[in-house]
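A structural walkthrough
Below are the chains, spelled out letter by letter.
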Amino acid sequence: MASATAMQYLNPNGASVGGKEAMAFNISGAKGLMNVLKTNLGPMGTMKMLVGGAGQIKMTKDGSVLLGEMQIQHPTATLIARAATAMDDETGDGTTSTVIMIGEALSQAEELVSEGIHPRTIAEGYDLAAAEAIKFLVTRKIAMTADNERELLDNIARTALATKINPELVDNLAAGLVDAINTVREKDEQIDLHMIEIMHMRHKLGSETQFIPGLVLDHGGRHPEMPKHVENCYILTCNVSLEYEKSELNSGFYYKSAADKEKMAGAERKTVDERCQLIVALKNKLCPPGSDKNLVVINQKGIDPLSLDILARNGILGLRRAKRRNMERIALCCGGEAVNHFDDLKESDLGYAGLVYEHVLGDEKYTFIEKVKNPKSGTILLKGPNDHTIAQIKEAVRDGLRAVRNAIEDGGVVAGAGDFESACKVHLDHYADRKDVKDALTPVIKAFGDALMGVPKILAESATEGGAAPALRHTLLRHAREAYGTDSHFGLDLESGCVTDPLASGVMDSFRVKKQQLEATAVIATQLLLIDEVMKAGGRGGKAE
């Protein structure tokens, strides 16, 4: 109250909320955001429909997409949403779970404050509990070895996809994501996900989405006489203009007669034709008549109609205006290197592909480069009957790729389906009762464990009906208490509504995501608890009346 009075002295028209009202304001914002997102959690979660100002409709259950596109006005909810989406940008998953854990932590703190525990004590206890939970997380990590690597990667990809797309698509797509990561993976180097091209075609069914150990370009040949299907191809990637170029300076050409004009135009044409003839000479050298070899030219710059005609007459497939991001991918996929001139071209400058063909879909053309020898880049080709299906699969693929990458870089995974949360809850209860822990912090540490159980609680609610969720949650906790100190794992089977071994079911979570969730929950919850006043900033207020 004194703070509000002081604010009135500084600015009579200023808006502020202080004391218990400020804490209630922050907690209500966190709980409101949690209640919006909690129904989307897990494979049994529901979806949200986002309607734009111009009538655009988007259906999704991805927490990152929802938080990024929802109109959130509450400042505390906005803060939590930004923190959760920032974590998603880094780890690729865990947005909804993070929001739920923060909301549950603040709900538990609200009860502790009502019992007379100071917010500073709660903050100290939460920090201590999070640090101990992270230590416990390391002990629950399932190490990845050469024998179990493929199985663990398939499982974590399947778990990441199952929460966002139709179960019928999961198995095939999960194997494709692991293949894609293994293709671009280099020993002792960070995995560069930008080397995986994600291309979509509005065609057939989503179940036909696949990984291609090659490249799919979203354009084709621009000459009707060019070959549409070639095998045993040399791939020439270049950044050389095969068309007239405008002067970079403001200049002009002046001539006195039509003969002078033709002479100037011929000289300009001659330069481009000479470049085309160098390509033709290279093709004749490497692919002599009677040979089964062919040449494909992929140019980042333009190829004019006359140059296309020269290439077509010599049986060369030429693609122009290739995207800059694909130039590096083509070299990694097919070998060779991109050239900036055609002088002294050698066979070592060229890549190789066993098959290059053009696929026409309505007005769109796609060029497939397949059967490459040692690809270091690839393409995930998304297919779907409509834009909504494609967008859903694309969001799931993004999260799945990051989940597989995280598992490889972390060197392991953790069991999912609420296994870690329930085991950590039991561990924190034991830790809180230790003699070296302050008595004042014991209820706070146990409350943090209760907050972790928010995720299994919501998973149980989505898998059961008629009030069976509390019984299922207590069954999970009972198994966790009985198995404390062992290597046993217990999680929720959402299809049967019972407790099972998540490792046997193949339900895995990312170690990195769990660690980030624990850190984010402790940091954000304690910071919000220590706020004693919320005031409007950014101006001097209105004029005195």
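Residues numbered from 1 in each chain as written. Predicted model: local features only at pLDDT ≥ 70, side-chain atom pairs only at ≥ 80, totals over all residues. Heavy atoms only, no water.

A short note on the environment of D349
Applied cut-off: Secondary structure counts use DSSP, requiring at least four H or I residues in a row for a helix and at least two E residues in a row for a strand, with both numbered from the N terminus. Relative accessibility decides the category of a residue: with a 1.4 Å probe and only protein chains considered, values under 20% of the type maximum give buried, values over 50% give exposed, and everything between is partly exposed. For this analysis, residues touch if any pair of their heavy atoms sits within 4.5 Å.
Residue position: D349 is located in the loop between α11 (324-334) and β11 (351-361). Owing to a relative accessible area of 8%, D349 belongs among the buried residues under this scheme. In sequence terms D349 and Y255 are 94 residues apart; their C-alpha atoms lie 42 Å from each other. Ignoring sequence-local partners within four residues, the contact set of D349 consists of G336, E337, V339 and D344.

Some words on empty space enclosed by the protein
Which entries qualify depends on this criterion: Each cavity reported here is a set of points on a 1 Å grid over the protein atoms alone in which a 1.4 Å probe fits but cannot get out, each pocket an open set with protein on both sides within 12 Å along at least five of seven lines, and each lining residue one with an atom within 4 Å of a point. Grid points are joined across faces, edges and corners, and a volume is the space filled by probe spheres set on the points. Here the term charged refers only to Asp, Glu, Lys and Arg, the term nonpolar to Ala, Val, Leu, Ile, Met, Phe, Trp, Tyr, Cys and Pro, and the term polar to all other amino acids, Gly among them.
What the rule picks out here adds up to 1 cavity of 30 Å³ or more. Around the largest cavity sit M59, T60, K61, D62, K164, Q392, E395 and A396, which together line it. Within the residue set of the lining of the largest cavity, elements represented by two or more residues are β3 (57-60) and α12 (387-410). Among the elements that take part in the lining of the largest cavity, α12 stands out by supplying 3 residues, more than any other. Among the residues making up the lining of the largest cavity, the classes are represented as 2 nonpolar, 2 polar and 4 charged.

Here we look at the side chain of T78
Going by this rule: By the criterion applied in these results, polar contacts are pairs of N or O atoms within 3.5 Å in which, for protein atoms, one can donate a hydrogen and the other can accept it, and in which residues neighboring in sequence qualify only through two side-chain atoms.
If you trace the backbone, T78 turns up in helix α4 (residues 75-91). Looking at T78, its side chain comes within polar contact range of the main-chain oxygen of I72, at 3.4 Å. Apart from residues lying up to four places away in sequence, T78 is in contact with I72 and Q73.

Describing unusual backbone geometry
Phi angles above zero are rare outside glycine, and N232 is one such case at about 50 degrees. Looking at the element boundaries, N232 is found in strand β8 (residues 229-238). The backbone of D344 sits at a positive phi, close to 55 degrees, despite the residue not being glycine. Here D344 shows up in the loop between α11 and β11.

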